[in-house]
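# Fold and geometry: a report
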Amino acid sequence: QVQLVESGGGLVQPGGSLRLSCAASEFTLDAYAIGWFRQAAGKEREGVSCITSGGSTFYTDSVKGRFTVSSDNAKNTVYLQMNSLKPEDTGVYYCGAALFCSTKDYSGYDYWGQGTQVTVSS
């Protein structure tokens, strides 16, 4: 069974950093794009970033310059480095696998992890 597992979330002060991991099992990342989405309490799921199997990256405007997505195909893992965190970044972060990248909708994502909580608070 295909499985994605997020890790690395936690509580951090504004301006701090976290690195999230998305580990894939039962398949490799060679032919998949991995997207990161987040969902704050009571809010809609929001696209954050995406990386293609070829290494192209995309970001939503609110995180550009602060977040960096990368992949390590040998480890079947995608990372989301989050710097200069703001309270508005708080939410549950999910990774999903798709044939094509999208940070604006999630209809093309075939698999999802269970999420990891990120809380940015002083």
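One structure accompanies this document, and this report is about it.

Analysis parameters
Residues numbered from 1 in each chain as written. Predicted model: local features only at pLDDT ≥ 70, side-chain atom pairs only at ≥ 80, totals over all residues. Heavy atoms only, no water. Helix = DSSP H or I, 4+ residues; strand = E, 2+ residues; numbered from the N terminus. Rg over C-alpha atoms; globule rule 2.2 N^0.38 Å. Buried < 20%, exposed > 50% of the residue type's maximum accessible area, 1.4 Å probe, protein only. Contact = heavy atoms within 4.5 Å. Pairing = 2+ DSSP bridges. Salt bridge = Lys/Arg side-chain N within 4 Å of Asp/Glu carboxyl O. Disulfide = S-S within 2.5 Å.

### Some words on the overall build of the chain
Counting secondary structure elements, the chain contains 0 helices and 11 strands. Secondary structure elements in the chain, listed N-terminal to C-terminal, are β-β-β-β-β-β-β-β-β-β-β. Taking 14 Å as the expected radius of gyration for a compact globule of 122 residues, we find that the chain reaches 13 Å, a close match to that expectation. By principal-axis analysis of the C-alpha atoms, the chain measures approximately 40 × 25 × 25 Å. Residues classed as buried in the chain amount to 41% of the 122 residues present. Of all intrachain contacts in the chain linking residues separated by at least 6 positions in sequence, the fraction that spans at least 24 positions is 56%.

### Focus: the pairing of strand 5 (residues 46–51)
The buried count for strand 5 comes to 5 of 6 residues, which makes it a mostly enclosed element. Looking at chain direction, strand 4 (residues 33–39) and strand 5 are connected through 5 bridges and run antiparallel. If you follow Gly-35 over to strand 5, its bridge partner there is Cys-50. Between strand 4 and strand 5, which follow one another and run antiparallel, lie 6 residues, and Gly-42 among them has a positive phi close to 75°. In terms of strand pairing, strand 5 meets strand 6 (residues 57–59) through 3 bridges, oriented antiparallel. Bridge pairing links Ile-51 to Thr-57 in strand 6. Following strand 5, the chain reverses through 5 residues before pairing antiparallel with strand 6; Gly-55 in that reversal takes a positive phi of roughly 100°.

### Concerning the pattern of salt bridges
All told, the structure shown has 4 salt bridges when counted by the stated rule. The residue Lys-64 makes a salt bridge to Asp-61 at a minimum N-O spacing of 2.9 Å. A relative accessible area of 60% places Asp-61 in the exposed class. Overlapping salt bridges, with partners in common, bring together Arg-38, Glu-46, Arg-66 and Asp-89 in one network.

### Let's talk about the state of the cysteines
Summed over all chains, the structure comprises 2 disulfides. Covalent S-S linkage joins Cys-22 and Cys-95, the inter-sulfur distance amounting to 2.1 Å. Here Cys-22 and Cys-95 share a disulfide; its torsion about the S-S bond, 75°, makes the bridge right-handed. In this pair, Cys-22 is assigned in strand 3 (residues 18–25) and Cys-95 in strand 9 (residues 91–98), connecting sequence segments 73 residues apart. Among the residues examined, Cys-95 registers a relative accessible area of 0% and is labelled buried.

### Quick notes on the pairing of strand 8 (residues 77–82)
In terms of residue burial, strand 8 counts as a mostly covered element, since 5 of its 6 residues are buried. When strand 3 meets strand 8, the two strands line up antiparallel, connected through 6 bridges. Counterpart to Leu-20 in the pairing with strand 8 is Leu-80. With 6 bridges connecting them, strand 7 (residues 67–72) and strand 8 associate as antiparallel partners. The partner of Thr-68 across the bridge, within strand 8, is Gln-81. Following strand 7, the chain reverses through 4 residues before pairing antiparallel with strand 8; Asn-76 in that reversal takes a positive phi of roughly 55°.

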